[in-house]
Amino acid sequence: MTDEIWRPLGFDPEDRTTYDALHDGVPAWMEKSLESWLLEILESVLDDESGETGALRRFQKIERELRVSIRQPKGLEVSDLAKAVLSHFRYKSQSLVLTDFLLSKADIEKLGGAAAIAALLEDLHDDVGRLEALLRSSGSKWAVGIRTAGRLGLVQRVPEGVQRSVEHTIGNSGHAGVRLARAWESAFGVSPNPSLAYSLAVKAVEDAATPVVSPNDTTATLGKINSQMRNTGDWGLPLAREDEHATPSDTLLSMMKMLWAGQADRHGGHHDPSLVITQEAAEVAVITAATLVQWFTSGAVARR
């Protein structure tokens, strides 16, 4: 049995735009599979032991939580209400919004915690695992991941090792992990907000670094932390060998200064388009922050 990914007969390995490219939205070949999954989950969410009355209450709760008005079907059976919800979001081309919402109903702690998510995503007998397999095999730009601390959601597909590493950091970094999860959502979620993502990335590093560098200053900003580390000059990482032109201490401080200086819209009152945080800048900031948060919360950063 080979592990090589199947490609269509006649596939040109030099042209990966049509088959290997990641696809945004819901491509035609994914529609039926996704709708089947959504309908099954909706029926589960709407169903309870109180019959039509309970199902209708849950239907109306979905409207309130998603801030939408869905045309109520004549029939009030669970299947009727589920199809009405699905039809509304299909018509609005917002099936991924509905998918993200339903994923958020899964409590990570009840699923075994952040450490169990990786195995869950490979479990084809689990609803979450089936969805991830569906998205992956369809070449979707979206993947199942930790969207906010303690909740699942859709995030932009990034290299698997990066995703797993960030999720591990989120789950093991206390309050800094909570901030990092929100930054990850704002950068890679279905409704990206680059400015918020960058701001939260900075705050996550502040949360992680303050107890290590400035434990007595609860209001320390990343700028103040950088200055303190620069002035003492002996903060570093546990590496046995180093390059004299790029020491661990210099590299660590350079990463933190880059993150701090790059937040172009930190101050209000400006209208310069060049100071707007781009999506690309936000993604760099969040990935950088994830590394820094892990280093500080794991004890890797210390005075040498």
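Refer to the structure printed above.
As a further point, take the pattern of salt bridges. Here the structure, examined in full by the defined rule, presents 12 salt bridges. Between Arg130 and Asp127 there is a salt bridge, with its nearest N and O atoms 2.9 Å apart. Remark: Asp127 and Arg130 occur in helix α6 (residues 127–137); sequence separation between them is three residues, near one turn of the helix. One salt-bridge network, held together by shared partners, links Glu122, Glu132, Arg136 and Arg157.

This next bit is on the packing of helix α10 (residues 222–232) against helix α11 (residues 248–261). Two elements in contact, α10 and α11, have axes whose closest approach is 10 Å; the angle formed by their N-to-C orientations is 155°. As far as their axial angle goes, α11 and α10 are roughly antiparallel. For the element pair α10 and α11, the recorded crossing hand is left-handed. Contact with α10, carried on its side by Leu222, Gly223, Ile225, Asn226, Met229 and Arg230, involves Leu252, Leu253, Met256, Lys257, Leu259 and Trp260 of α11 and no other residues of that element. Here the residues of the contact of α10 with α11 are counted per class, giving eight nonpolar, two polar and two charged.

Okay, the nonpolar core next. A general tendency of soluble globular proteins is for nonpolar side chains to be buried together. Ranked by size, the top nonpolar core spans 82 residues in total, and within it Leu98, Met229, Met256, Leu259, Val286 and Phe296 carry the most contacts. Counting residues per element, this core draws most heavily on helix α9 (residues 194–213), which supplies 10 residues. When neighbours within four sequence positions are excluded, Met229 is seen to be in contact with Val213, Trp235, Leu252, Leu253, Met256 and Phe296.

Another point: the packing of aromatic side chains. Tallied over the entire structure, the rule returns one aromatic pair. Both rings, one in Trp184 and one in Phe188, keep their centres 4.3 Å apart while their planes meet at 40°; by these two values the pair is tilted. Here Phe188 and Trp184 lie together in helix α8 (residues 174–188), a separation of four residues that amounts to about one turn. The same class applies to Trp184 as to Phe188, namely buried.

Further remarks concern the environment of Ala289. Structurally, Ala289 can be placed in helix α12 (residues 279–298). With relative accessibility at 0%, the residue Ala289 sits in the buried group. Separated by 113 residues in sequence, Ala289 and Ala176 place their C-alpha atoms 9.9 Å apart.

With that settled, consider the packing of helix α1 (residues 28–46) against helix α2 (residues 51–66). Geometrically, a packed helix pair is captured by the angle between its two axes and the distance between the axes. Between α1 and α2, the least distance of the axes is 8 Å, while the angle of their chain directions is 115°. Counting all contacts with α1, which are made through Leu42, Val45 and Leu46, the residues of α2 involved are Ala55, Arg58, Phe59 and Ile62. Taken together, the residues of the contact of α1 with α2 break down into six nonpolar, no polar and one charged.

In this section: unusual backbone geometry. Of all residues except glycine, most have a negative phi; of all peptide bonds, most are trans. In this structure, Arg67 takes a positive phi of about 55° despite not being glycine. Its location among the elements puts Arg67 in the loop between α2 and α3 (78–91). By relative accessible area, which is 70% here, Arg67 ends up exposed. With a phi close to 55°, Ser93 is a non-glycine residue in the positive phi region. By secondary structure assignment, the location of Ser93 is in the loop between α3 and α4 (95–103).

The next thing to look at is the environment of Lys141. Mapping Lys141 onto the fold places it in the loop between α6 and β1 (142–148). We classify Lys141 as partly exposed; its relative accessible area is 24%. When the C-alpha positions of Lys141 and Gln156 are compared, they lie 5.8 Å apart, and in sequence the two are 15 residues distant. What Lys141 contacts, discounting residues up to four positions off in sequence, is Leu22, His23, Asp24, Val155, Gln156 and Arg157.

Rules and cut-offs
- Residues numbered from 1 in each chain as written.
- Predicted model: local features only at pLDDT ≥ 70, side-chain atom pairs only at ≥ 80, totals over all residues.
- Heavy atoms only, no water.
- Salt bridge = Lys/Arg side-chain N within 4 Å of Asp/Glu carboxyl O.
- Helix = DSSP H or I, 4+ residues; strand = E, 2+ residues; numbered from the N terminus.
- Axes fitted to C-alpha atoms, helices over the stretch in contact; angles between N-to-C directions.
- Parallel < 35°, antiparallel > 145°, perpendicular 65-115°, else oblique.
- Left-handed = near helix turned anticlockwise from the far one by under 90°.
- Contact = heavy atoms within 4.5 Å.
- Nonpolar A, V, L, I, M, F, W, Y, C, P; charged D, E, K, R; others polar.
- Core = buried A, V, L, I, M, F, W, Y, C linked by side-chain atoms within 4.5 Å.
- Buried < 20%, exposed > 50% of the residue type's maximum accessible area, 1.4 Å probe, protein only.
- Phe/Tyr/Trp six-rings, centres within 6.5 Å; stacked < 30°, edge-to-face > 60°.

This is a description of form; function is not addressed.
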